[in-house]
There are 4 protein chains.
Amino acid sequence: MDKIKLGIIGAGRIGKLHVDNLKNLKNVEIKSISDIFVDNIKEWAEQNGIQVITDNYMNIINDPEINAVFICSPTDTHVQIIKDAAKAGKHIFCEKPISFSLEQTVQLLETLRQSKVKFQTGFNRRFDHNMSRVQELVSQGKVGDPHILKITSRDPAPPHKEYIKNCGGLFIDMSIHDFDIARFVIGSEVEEVYVQGAVLVDPVFAEFNDIDTAIISLKFKNGALGVIDNSRQAHYYDQRVEVFGSKGCVTIQNDFPNSAELSTADGVQKDKPLYFFLERYNTAYINEVQAFIEAILNDTPVLVNQNDGFQAELIAHAAKLSYLEKRPVRIEEITNRLVNITI
Amino acid sequence: MDKIKLGIIGAGRIGKLHVDNLKNLKNVEIKSISDIFVDNIKEWAEQNGIQVITDNYMNIINDPEINAVFICSPTDTHVQIIKDAAKAGKHIFCEKPISFSLEQTVQLLETLRQSKVKFQTGFNRRFDHNMSRVQELVSQGKVGDPHILKITSRDPAPPHKEYIKNCGGLFIDMSIHDFDIARFVIGSEVEEVYVQGAVLVDPVFAEFNDIDTAIISLKFKNGALGVIDNSRQAHYYDQRVEVFGSKGCVTIQNDFPNSAELSTADGVQKDKPLYFFLERYNTAYINEVQAFIEAILNDTPVLVNQNDGFQAELIAHAAKLSYLEKRPVRIEEITNRLVNITI
Amino acid sequence: MDKIKLGIIGAGRIGKLHVDNLKNLKNVEIKSISDIFVDNIKEWAEQNGIQVITDNYMNIINDPEINAVFICSPTDTHVQIIKDAAKAGKHIFCEKPISFSLEQTVQLLETLRQSKVKFQTGFNRRFDHNMSRVQELVSQGKVGDPHILKITSRDPAPPHKEYIKNCGGLFIDMSIHDFDIARFVIGSEVEEVYVQGAVLVDPVFAEFNDIDTAIISLKFKNGALGVIDNSRQAHYYDQRVEVFGSKGCVTIQNDFPNSAELSTADGVQKDKPLYFFLERYNTAYINEVQAFIEAILNDTPVLVNQNDGFQAELIAHAAKLSYLEKRPVRIEEITNRLVNITI
Amino acid sequence: MDKIKLGIIGAGRIGKLHVDNLKNLKNVEIKSISDIFVDNIKEWAEQNGIQVITDNYMNIINDPEINAVFICSPTDTHVQIIKDAAKAGKHIFCEKPISFSLEQTVQLLETLRQSKVKFQTGFNRRFDHNMSRVQELVSQGKVGDPHILKITSRDPAPPHKEYIKNCGGLFIDMSIHDFDIARFVIGSEVEEVYVQGAVLVDPVFAEFNDIDTAIISLKFKNGALGVIDNSRQAHYYDQRVEVFGSKGCVTIQNDFPNSAELSTADGVQKDKPLYFFLERYNTAYINEVQAFIEAILNDTPVLVNQNDGFQAELIAHAAKLSYLEKRPVRIEEITNRLVNITI
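Computed from a predicted model, the values in this text were never measured in an experiment.

Conventions used here
- Residues numbered from 1 in each chain as written.
- Chains lettered and ligands numbered in written order.
- Predicted model: local features only at pLDDT ≥ 70, side-chain atom pairs only at ≥ 80, totals over all residues.
- Heavy atoms only, no water.
- Contact = heavy atoms within 4.5 Å.
- Buried area = accessible area lost by both parts, 1.4 Å probe.
- Salt bridge = Lys/Arg side-chain N within 4 Å of Asp/Glu carboxyl O.
- Helix = DSSP H or I, 4+ residues; strand = E, 2+ residues; numbered from the N terminus.
- Nonpolar A, V, L, I, M, F, W, Y, C, P; charged D, E, K, R; others polar.
- Polar contact = N/O pair within 3.5 Å; in protein donor to acceptor, adjacent residues only side chain to side chain.
- Least-squares fit on C-alpha atoms with pLDDT ≥ 70 in both.
- 1 Å grid on protein atoms, 1.4 Å probe; cavity = no way out; pocket = protein on both sides within 12 Å on 5 of 7 lines; lining within 4 Å.
- Points joined across faces, edges and corners; volume = space filled by probe spheres on them.
- Buried < 20%, exposed > 50% of the residue type's maximum accessible area, 1.4 Å probe, protein only.
- Domains from an automatic or database assignment.

Contacts between the two partners involve 41 residues from chain A and, on the opposite side, 41 residues from chain B. Summed over both sides, the interface between chain A and chain B buries roughly 3,000 Å², with carbon and sulfur atoms accounting for 57% of that surface. With its nearest N and O atoms 3.4 Å apart, the salt bridge here joins Lys150 of chain A to Asp229 of chain B. Among the elements of the structure, strand 7 (146–154), strand 8 (190–198), strand 9 (213–220), strand 10 (225–231), strand 11 (238–245) and strand 12 (248–252) of chain A are those that each provide at least two residues to the side of chain A that touches chain B. Residue composition of the side of chain A that touches chain B, grouped by class: 16 nonpolar, 15 polar and ten charged.

Here the focus is unusual backbone geometry. Cis geometry marks the peptide bond from Lys96 of chain A to Pro97 of chain A; its omega dihedral reads -10°. By secondary structure assignment, the location of Pro97 of chain A is in the loop between strand 5 (91–94) and helix 5 (102–115). One non-glycine residue with positive phi stands out, namely Lys326 of chain A, at about 50°. Positionally, Lys326 of chain A belongs in the loop between helix 12 (306–325) and strand 15 (329–330). Despite not being glycine, Asp299 of chain B shows a phi value in the positive range, around 50°.

Tallying the contact residues gives 24 residues for chain D and 24 residues for chain B. Its largest share of buried area at the contact with chain B, chain D owes to Arg133, Ser259 and Leu262 of chain D, together 26% of the area lost on that side. Across the chain D-chain B interface, the total number found is two salt bridges. Residue Arg133 of chain B pairs with Asp271 of chain D through a salt bridge whose shortest N-O separation is 2.6 Å.

Moving on to the side chain of Arg240 of chain B. Mapped onto the fold, Arg240 of chain B is located in strand 11 (residues 238–245). Within the local environment of Arg240 of chain B, its side chain forms a polar contact with the side chain of Asp238 of chain B, the two groups lying 2.8 Å apart. In this structure Arg240 of chain B touches Glu242 and Thr251 of chain A together with Lys150, Ile151, Thr152, Arg154, Ile252, Gln253 and Asn254 of chain B, once residues within four positions along its chain are discounted.

Copies of the same chain, two in number, are related to each other by a rotation about an axis and a translation along it. Once turned by 180° and shifted 0.0 Å along the axis, chain A lies on chain B with an RMSD of 0.0 Å. What we have between these two chains is a two-fold relation. The position closest to the rotation axis in chain A is occupied by the C-alpha of Arg327 of chain A, lying 3.1 Å away. A high fraction, 100%, of the interface residues of chain A reappear at the interface in chain B, so the copies pair face to face through one surface.

This next bit is on empty space enclosed by the protein. Evaluated as defined, the whole model comprises two cavities of 30 Å³ or more. In this model, the largest cavity occupies a volume close to 240 Å³. What lines the largest cavity is a set of 18 residues, and nearest its centre among them are Lys150, Arg240 and Glu242 of chain A together with Arg240 and Glu242 of chain B. A class-by-class count of the residues in the lining of the largest cavity yields six nonpolar, six polar and six charged. Reported here for the second largest cavity is a volume of approximately 30 Å³. Along its surface, the second largest cavity is lined by Glu261, Val268, Gln269 and Lys270 of chain B together with Glu261, Val268, Gln269 and Lys270 of chain C. Those elements giving two or more residues to the lining of the second largest cavity turn out to be strand 14 (267–270) of chain B together with strand 14 (267–270) of chain C. Residues belonging to the lining of the second largest cavity are distributed by class as follows: two nonpolar, two polar and four charged.

Before going further, it helps to examine the side chain of Asp229 of chain B. Topologically, Asp229 of chain B is positioned in strand 10 (residues 225–231). Given the relative accessible area of 2%, Asp229 of chain B is considered buried. Here Lys150 of chain A takes part through its side chain, which lies 3.4 Å from a polar atom of the side chain of Asp229 of chain B.

The extent of an interface is frequently quoted as the accessible surface area lost upon association of the parts. Residue and element names in this part refer to chain A. According to the domain assignment, chain A contains domain 1 (4–117) and domain 2 (128–274 + 310–336). A straight line from the C-alpha centre of domain 1 to that of domain 2 covers 28 Å. Listed as interface residues are nine residues of domain 1 and, on the opposing side, twelve residues of domain 2. Broken down residue by residue, the surface that domain 1 buries against domain 2 is led by Lys96, Phe100 and Leu102, which jointly contribute 64%.

Below you can see the structure in the form of structure tokens.
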């Protein structure tokens with residue numbers, strides 16, 4: 001294949017972002033886009049040279065010219081769209097999480113296995129210049145055997161109430177990125193989770209039985225320990241990772257808008273780190289869609305697939321259980337339940 | 001009082017260190033020193049102008065000229081010496097931990113309350129330029145209400161086998177410093193502890209039912225969460241703290257032997273952080289004895305007293321229980337047992 | 001005007017770079033491109049949707065639909081093209097330097113004054129996130145009155161021999177960017193220059209009476225002093241600026257590909273700074289063409305005009321004279337000669 | 001020799017500082033001290049256990065027990081004291097500059113050559129942890145052949161008027177340290193100097209024909225170029241060095257009182273660098289006297305001798321001439337004059 005025709009399903013913030021990045025890629029044509037609020041996107045879609053603008057994603061799925069779809073619609077629509085797309089043999093790029101239900105995600109794993117379409121989960125951070133450098137150094141053995149992983153992942157400000165209500169909670173909405181990065185940089189599966197959570201930022205989280213602050217302890221199958229700390233309000237985007245091992249330690253820091261440092265009688269000042277995930281992960285978003293397109297063009301495996309999506313969801317569900325029952329939870333405990341259910 | 005006469009009990013590494021620092025202080029005379037291996041220290045003590053060199057610490061305690069003692073002998077001798085010194089009305093500087101037994105430490109609290117001598121616990125890190133700056137900024141409200149505390153505390157290399165055998169284990173020997181710093185910078189007591197521990201550095205730790213790597217989650221009474229990560233082998237002395245709160249975040253980094261950075265075609269290199277605690281906390285050790293002397297001279301409270309010693313021990317014992325029973329442990333659970341015992 | 005039609009004159013490395021950046025801008029159509037090696041660019045130009053591909057730039061100049069041209073051809077062609085474009089009323093974006101001859105640049109100043117077209121000189125660094133932040137802080141008075149300016153500007157590796165031969169020498173080819181940044185951040189004209197130069201990197205520079213290493217001292221009209229150090233071989237792209245004044249000091253550092261720091265028993269390592277000017281000034285190149293387009297659309301002044309190009313050339317010529325005659329040279333001395341000539 | 005008896009000549013700020021550092025050294029006894037204001041120092045000297053307290057330095061010089069003297073009196077007294085001490089066979093530690101007169105310094109070189117006493121010039125910065133690391137890395141060839149040296153050396157605040165009047169001017173008082181560091185890290189003599197100077201901080205400097213701001217360009221015999229920038233008012237002590245060479249670049253930064261960084265919605269803040277030279281070079285002062293004592297004890301050469309003092313003075317005088325005559329000055333020009341005079 002030397003030119004890929006794409007359909008975009010869902011034209012919210014993230015759908016538009018992908019369009020912006022995809023349109024600069026060679027060998028890519030964004031042919032179609034669907035959104036239930038089709039009127040809102042018409043002008044924008046036309047300006048971007050998209051031919052087909054529809055409120056029914058099946059018009060994309062059923063188009064024999066379309067090679068692949070980007071699923072950027074709300075999480076509760078993912079399962080049906082994935083099934084439809086897989087059935088139609090379209091390659092799939094799907095935003096995280098795949099679904100809110102582990103049972104449904106498990107079923108999709110089977111569906112996808114049979115369909116043989118490529119499936120990439122939207123864990124963009126793997127494609128970040130800092131995160132990927134950590135993974136590279138660790139996998140090259142530069143820190144020796146990993147002993148301790150530390151991830152700091154804090155949003156600049158809490159989302160609005162409606163978002164909180166529908167996002168599935170801190171673990172599945174926000175920490176899920178960190179669970180993926182944990183697996184990515186350590187190169188081993190998580191075995192056990194323990195969570196300390198709190199509502200410290202805004203009482204609104206408590207209204208939805210959610211939390212806004214967490215310290216999540218991890219135990220990996222290779223023996224390493226890990227800890228993730230999350231907050232919904234850091235006043236800037238705080239994204240740092242450290243892997244400490246038998247030979248040494250690698251750390252990454254936040255990205256800044258500039259390196260200017262002002263030193264006066266009062267002290268030294270610089271601008272705060274980048275505020276927003278779109279700025280911070282700007283290049284990562286470009287890289288992830290490029291990688292997906294290349295995997296299709298070259299018929300090579302995607303770099304982050306449905307199993308990666310599933311494993312992160314497993315940890316998120318274990319984390320939630322740990323928080324609710326105030327005890328360490330083994331991932332096995334979650335998968336055992338799933339087996340019972342899926343049989 | 002305008003000149004303090006001191007006796008040093010125990011002339012090992014730390015006893016000698018205190019002598020080196022104390023002899024530069026005004027208004028201080030180191031009159032006496034005791035050590036069970038008295039012959040080993042004679043020459044050194046004479047060079048330092050110390051008059052009385054004895055193998056029996058009671059010769060110091062019974063000297064009416066002595067105002068204060070430094071207890072630098074092995075932990076299992078602390079309790080008796082503290083009792084003797086308190087009875088004799090000598091002010092006490094005692095290395096950490098006060099004792100290996102919570103019951104004994106509790107008893108000493110009562111003894112010390114009655115004697116009214118000043119008692120300083122050897123938590124030198126409170127006097128470190130970095131640690132004290134964090135505490136200052138947090139207590140000034142610069143980060144707002146504390147939400148998350150992170151302490152990284154890693155030794156350069158494991159101690160020798162004999163030390164491991166007698167040190168009381170990771171929590172009471174090493175993490176105890178971090179428990180003190182946690183209370184110091186957050187300004188609130190710890191309520192609950194959960195520990196993930198592992199033997200990743202050297203199997204010798206397992207021989208003594210000890211661990212060499214830990215991630216310790218904390219919950220504070222003021223609602224803040226915390227996490228400490230410990231390792232016995234970082235190849236340099238890794239001592240970092242972060243307090244994140246409603247308004248912002250303060251971090252401290254390691255100290256380096258110099259700031260030289262070499263940039264070549266191969267990358268950028270600098271020397272690793274200071275290797276040893278004596279280098280890293282050099283000034284902190286000077287500051288802590290100075291503060292003790294000033295508290296006596298001015299009859300003001302010491303900055304870190306017997307209760308600080310006790311509270312850190314409580315957390316250490318809770319941490320051990322959490323590790324052994326693989327569950328979160330509330331400090332209350334430990335103090336409740338103590339009440340039962342001490343009644 | 002709500003859509004600008006552009007012609008690109010010269011499709012070498014920098015011409016192609018501008019096309020890449022311009023094609024992502026709204027309200028911009030790249031209609032035409034000219035290059036004397038027209039066959040080499042045909043396929044690339046077609047892929048980029050450029051209609052007119054020609055070996056004669058007059059086909060662009062004479063096209064009444066064209067609003068503005070980008071002059072990206074060799075320096076010795078600039079003067080004629082600028083005259084032609086100005087006469088035809090096209091707005092002009094011209095790469096630096098405007099010309100190798102101060103007399104010719106002076107004449108163009110007059111031509112441009114009469115034509116009233118907008119003229120932007122390609123000093124991209126003014127649009128860099130670091131450089132522009134320095135200028136902002138200095139102009140806001142954050143460092144008080146500027147006392148000392150320091151610019152470090154070093155290329156990763158020397159250009160090839162053919163380039164050295166034709167580039168006009170270190171000052172007009174490379175330092176000219178630093179002369180512009182000096183004026184930009186200090187906000188005052190240069191009054192005097194003194195140069196120490198040397199051939200330390202490669203004897204090939206001596207063959208063309210050029211140098212590869214220089215320390216250039218500056219005196220500004222507002223009293224501030226300055227120093228620029230240049231090298232043709234730093235093994236990475238070294239671009240740092242410092243402005244020190246009565247109230248304090250602002251510094252900017254190099255940009256790095258990532259923030260990963262690896263700490264081991266051997267020391268601390270990180271990747272070297274970005275290697276190439278296209279990486280380092282990637283965003284600056286985008287910003288400068290965006291600013292040019294906006295100046296046309298809104299009929300506002302360009303941010304770096306022909307006088308900025310001329311002033312930097314003046315300093316470059318004074319620097320050359322200083323180097324040749326081993327003495328400080330006042331800018332006045334250069335302008336006085338020009339007046340004599342142009343009268 | 002296994003114990004050195006010292007006499008201190010001059011008990012001002014720097015004399016007292018040396019006493020504080022010397023008294024902690026093994027094998028050292030400070031026997032005597034002289035100061036013309038002998039009453040002011042009596043109590044302090046007695047507390048430090050100094051036996052002989054006199055207003056006549058000859059009482060120290062004539063004491064056969066004294067092995068070495070520290071000359072900490074005003075610069076204009078150095079020459080006579082050095083002659084007397086050398087004649088009496090005392091080793092000499094002398095603060096910088098040796099004298100205000102090159103002719104006199106030249107004469108002392110001869111006197112010292114004949115006397116064979118050890119003579120150390122008080123260039124303490126060579127013993128600084130940062131400066132010495134730069135020298136080490138450069139001499140190990142880590143940056144290859146040196147191409148560019150950059151020294152930033154700025155005082156926190158101008159000295160008082162009386163000091164300015166008597167200090168000999170910026171070059172001999174302040175820059176002289178930088179001239180020594182320049183020679184030290186580059187490992188080659190300076191060949192030519194060019195100075196741009198200004199009065200930007202305080203008009204009081206102009207009253208004494210002095211300046212407060214300078215950019216000093218250097219050319220070294222090995223071909224390297226260099227630049228020093230000086231200011232009398234940086235609001236903190238600004239001491240940075242960079243050596244750039246054929247293979248890479250080494251930089252050192254300022255030292256800070258702590259590493260605490262506070263990140264909030266408003267930006268990132270940290271405390272300013274150390275304010276005062278006594279804090280910044282605290283360890284350097286200890287190291288330099290230790291090195292002097294060891295050179296005597298082991299009869300090894302001192303690490304910074306009278307020639308180092310002389311060479312730095314040569315550059316200072318060349319710098320002054322360059323400033324006055326607004327032209328580059330070769331060191332040769334200065335030494336040629338000296339030869340004429342001293343013959």
